[in-house]
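Structural description and commentary
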Amino acid sequence: MDFDLDETQREIRGLAADVLAREAAQERLEAFEKSEAPYDDVTWKALAQAGLLGVVLPEDAGGAGLGPVELAVILREVGVRTAPVPVYASLALAAVPIGAHGTPEQRALLAPLTEGATILTGAYREVGPAGEIAATARADGDGHVLDGVKTFVPYAREASRILVPARVEGGGVGVFLVEPAAVMITGQPSATSEPLSRVALDGVRVGADALLGGTADGAAWDTLRRSAVAGAVAVASGVIEGALELTKEYTKTREQFGRALAQFQAVTMQIGDVYIAKRALDVAVWAGVWRLAQGAGDAEEVLAIAAYNACDPVVKALYTCQHLHGGIGLDITYPLHRYFAWGKHCGHLLGGGEDRLDALGALIAQEA
């Protein structure tokens, strides 16, 4: 594969970086955090006006119809700036599977997203290993009755629809578009300002038009699962990029014993370790989303490698960044704390390092 972005992808990256540099500057982030709002609506609308929210939406919904690589480009820039906007939830967890599998009526739900007029989300996680589905969907007339519990659902209260994977009678997995008013939503602790929720489904009845694509053959769930992982690792890639740049600048200017910290061998070695962790994740992210775009059979395996790197080496690298900053790294008036929180947040959404190793092992065993 070619790790270089093409002209269109570079333009998307430049546009996203420009918008977020302006809208998610340090002063703006501090003001947002004091507001206690669920997300920064101004930045969200700015991304919409720049056309970035429509990049991966299908053309019949007003989008550009681009794919996983372009989505990773945008989400990585969101991570670089730790911008508090529901891009991951709306695009990776919802728009991608709806665009790929939705009926014309379901795809129509995506049109308001291009203008930043709605939020969508998906219930990717349950209690237990990431990717496991215990929620059930029992046939009831022309619809289904849903039961189960989903955890760590971002923007569940704010979304117009929640994509809910559930196991139907016969063993298949379907994805259902559920209105938030139909479920019980309970807030859960979050490492960042992003609202997370426990979503309980207790005999929730949905009509036939709620089943994504009208089938429960598992294809929509496969797309949702892969997109969820690809999106989270792309965000984590941006997070460690931003944290590394911040740490490099700090060690260049902070003096100790009359010398810049960067001149001490022990410091340069630790910065090198952070760089290696970042590059390892970068390589796995771009390889994974490129394979996903090509429909390669090993895409999920490569994404599992990226997920492990996001959950373990990158989180450890963020601890190193904190260490090199000393006490200021913990100061909430200094931006490093956001990168640390976001990195931990991505690791939680992905299930943690051990879970990702188990998933990778299972994928390898399937090929043996």
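Calculation criteria
Residue positions are given per chain, counting from 1 as you read along its sequence in written order. Note on the predicted model: pLDDT of at least 70 is required for a residue's local features to be given, and 80 or more for side-chain atom pairs to be given and counted; whole-chain, interface and lining totals, by contrast, use all residues. Excluding hydrogens and water, the side-chain figures rest on all heavy atoms present in the structure. An automatic or database domain assignment supplies the start and end points of every domain. Two residues qualify as a contact provided that any one of their heavy atoms is within 4.5 Å of a heavy atom in the partner residue. Values labelled buried area give the accessible surface lost by two parts on being combined, using a 1.4 Å probe and summing over both. Whenever Lys or Arg places a side-chain nitrogen within 4 Å of a carboxyl oxygen from Asp or Glu, that contact is recorded as a salt bridge. Whenever a nitrogen or oxygen atom comes within 3.5 Å of another N or O atom, the pair is scored as a polar contact, on the condition that within protein one atom can donate a hydrogen and the other can accept it, and that pairs from neighbouring residues in sequence are kept only if both atoms are in side chains. A run of H or I in DSSP counts as a helix once it spans at least four residues, and a run of E counts as a strand once it spans at least two, with each numbered from the N terminus. Both cavities and pockets are sets of points on a 1 Å grid over the protein atoms alone; in a cavity a 1.4 Å probe fits but cannot get out, in a pocket the set is open with protein on both sides within 12 Å along at least five of seven lines, and lining residues sit with an atom within 4 Å of a point. Grid points are joined across faces, edges and corners, and a volume is the space filled by probe spheres set on the points. Note that Gly is not counted as nonpolar here; it falls among the polar residues with everything else outside the nonpolar set of Ala, Val, Leu, Ile, Met, Phe, Trp, Tyr, Cys and Pro and the charged set of Asp, Glu, Lys and Arg. UniProt positions are given in the numbering used here, feature names are shortened, and annotations may be inferred rather than shown by experiment. For Phe, Tyr and Trp, rings pair up if their centres lie within 6.5 Å, where Trp contributes its six-membered ring, and each pair is then called stacked (planes under 30 degrees apart), edge-to-face (over 60) or tilted (otherwise). A simple rule labels every residue: compare its accessible area, found with a 1.4 Å probe on the protein chains alone, to the largest value its type can have, and call it buried under 20%, exposed over 50%, or partly exposed in between. Lines fitted to C-alpha atoms define the axes here, with helix axes fitted over just the stretch in contact, and angles between the N-to-C directions of these axes take values from 0 to 180 degrees. Roughly parallel covers angles under 35 degrees, roughly antiparallel covers those over 145, roughly perpendicular covers 65 to 115, and oblique covers all other angles. Whether a crossing is left-handed or right-handed is set by the direction in which the near helix is turned from the far one by less than a right angle, anticlockwise for left-handed and clockwise for right-handed.

1. Some points on the domain arrangement of the chain
One frequent convention defines the size of an interface as the accessible area lost when the parts assemble. Each assigned domain of the chain is listed here: domain 1 (7–118), domain 2 (122–210) and domain 3 (221–367). Between the C-alpha centres of domain 1 and domain 3 the distance comes to 21 Å. Contacts between the two partners involve 25 residues from domain 1, matched on the other side by 28 residues from domain 3. Of the roughly 2000 Å² buried where domain 1 meets domain 3, counting both sides, 66% is carbon and sulfur surface. Considering only the surface of domain 1 that becomes buried against domain 3, Arg 76, Thr 82 and Tyr 88 emerge as the three largest contributors, covering 31% of it. Summed over the shared surface of domain 1 and domain 3, the number is 3 salt bridges. Residue Arg 338 is joined to Glu 33 by a salt bridge in which the shortest nitrogen-to-oxygen separation is 2.6 Å. Between domain 1 and domain 3 we count 11 residue pairs in polar contact (both at pLDDT 80 or more) in total. Residue assignment for the side of domain 1 that touches domain 3 shows that the elements contributing at least two residues are helix H2 (26–35), helix H4 (68–81) and helix H5 (87–101). Take the side of domain 1 that touches domain 3: its biggest share by element is 11 residues, from H4.

2. With respect to empty space enclosed by the protein
Taken as a whole and judged by the stated rule, the model has 2 cavities of 30 Å³ or more. As a volume, the largest cavity reaches approximately 170 Å³. Lining of the largest cavity is provided by 17 residues; of these, Tyr 88, Glu 194, Val 235, Trp 342 and His 345 occupy positions nearest its centre. Those elements giving two or more residues to the lining of the largest cavity turn out to be H5, helix H7 (219–253) and helix H11 (336–350). Among the elements that make up the lining of the largest cavity, the one with the highest residue count is H11 (4 residues). Broken down by class, the residue content of the lining of the largest cavity amounts to 13 nonpolar, 3 polar and 1 charged. In this structure, the second largest cavity occupies an estimated 50 Å³ of space. Lining of the second largest cavity is provided by Tyr 88, Leu 93, Gly 122, Ala 123, Tyr 124, Arg 125, Thr 151, Phe 152, Val 153, Pro 154 and Leu 349. Among the elements of the structure, H5 and strand S3 (143–154) are those that each provide at least two residues to the lining of the second largest cavity. The element best represented in the lining of the second largest cavity is S3, accounting for 4 residues. Here the residues of the lining of the second largest cavity sort into 8 nonpolar, 2 polar and 1 charged.

3. Comments concerning the UniProt feature "domain: Acyl-CoA dehydrogenase/oxidase C-terminal" (unreviewed entry) in the chain
Per the UniProt record, the feature "domain: Acyl-CoA dehydrogenase/oxidase C-terminal" (unreviewed entry) sits at residues 233–342. For residues 233–342, the helix share is 76%, the strand share is 4%, and the end-to-end C-alpha distance is 11 Å.

4. Thoughts on the side chain of Ser 90
Within the element layout of this structure, Ser 90 appears in helix H5. Residues in contact with Ser 90, not counting those within four places in the same chain, are Trp 44, Ala 95, Leu 113, Ile 119 and Leu 120.

5. Some words on the side chain of Asp 282
On the secondary structure map, Asp 282 appears in helix H8 (residues 265–294). Beyond its immediate sequence surroundings of up to four residues, Asp 282 is in contact with Arg 76 and Ser 237.

6. Comments concerning the layout of surface pockets
Rolling a probe over the atoms, with the probe sized like a water molecule, indicates the empty space that remains. Each pocket or cavity is described by its volume, and for the largest pocket that value is around 420 Å³. Together, 21 residues line the largest pocket, and Ala 130, Gly 131, Arg 225, Glu 300 and Ala 359 are the ones closest to its centre. Of all elements in the fold, only H7, helix H9 (299–311) and helix H12 (353–367) reach the threshold of two or more residues within the lining of the largest pocket. No other element matches H12, which puts 7 residues into the lining of the largest pocket. Across the lining of the largest pocket, the residue classes break down as 11 nonpolar, 2 polar and 8 charged. Lining the lining of the largest pocket are residues from two domains, each supplying at least three of them: domain 2 (122–210) and domain 3 (221–367).

7. Notes on the packing of aromatic side chains
Counted under the stated rule, the structure contains 5 aromatic pairs. Summarising the aromatic geometry, the rings of Tyr 124 and Trp 221 are spaced 6.4 Å apart at their centres and angled 35° between planes, so their arrangement reads as tilted. Residue Tyr 124 is found in the loop between strand S1 (120–122) and strand S2 (136–140), and its partner Trp 221 is found in helix H7; the two are separated by 97 residues along the sequence. The same class applies to Tyr 124 and to Trp 221, which are both buried. Their ring planes at 65° and their centres at 6.5 Å tell us that Tyr 250 and Tyr 334 sit as a pair that is edge-to-face. With Tyr 250 in helix H7 and Tyr 334 in the loop between helix H10 (313–325) and H11, this residue pair connects regions lying 84 residues apart in the sequence. Here Tyr 250 matches Tyr 334 in class, with each residue buried.

8. Some details on the packing of H8 against H9
Contact geometry for H8 and H9: axes closest at 8 Å, N-to-C directions at 155°. Considered as vectors, H8 and H9 are oriented roughly antiparallel to each other. The interaxial crossing formed by H8 with H9 has left-handed handedness. Contacts between H8 and H9 involve Ala 280, Leu 281, Ala 284, Val 285, Ala 287, Gly 288, Val 289, Arg 291 and Leu 292 from the first element and Ala 299, Val 302, Leu 303, Ile 305, Ala 306, Asn 309 and Ala 310 from the second. Considering only residue class, the contact of H8 with H9 consists of 13 nonpolar, 2 polar and 1 charged.

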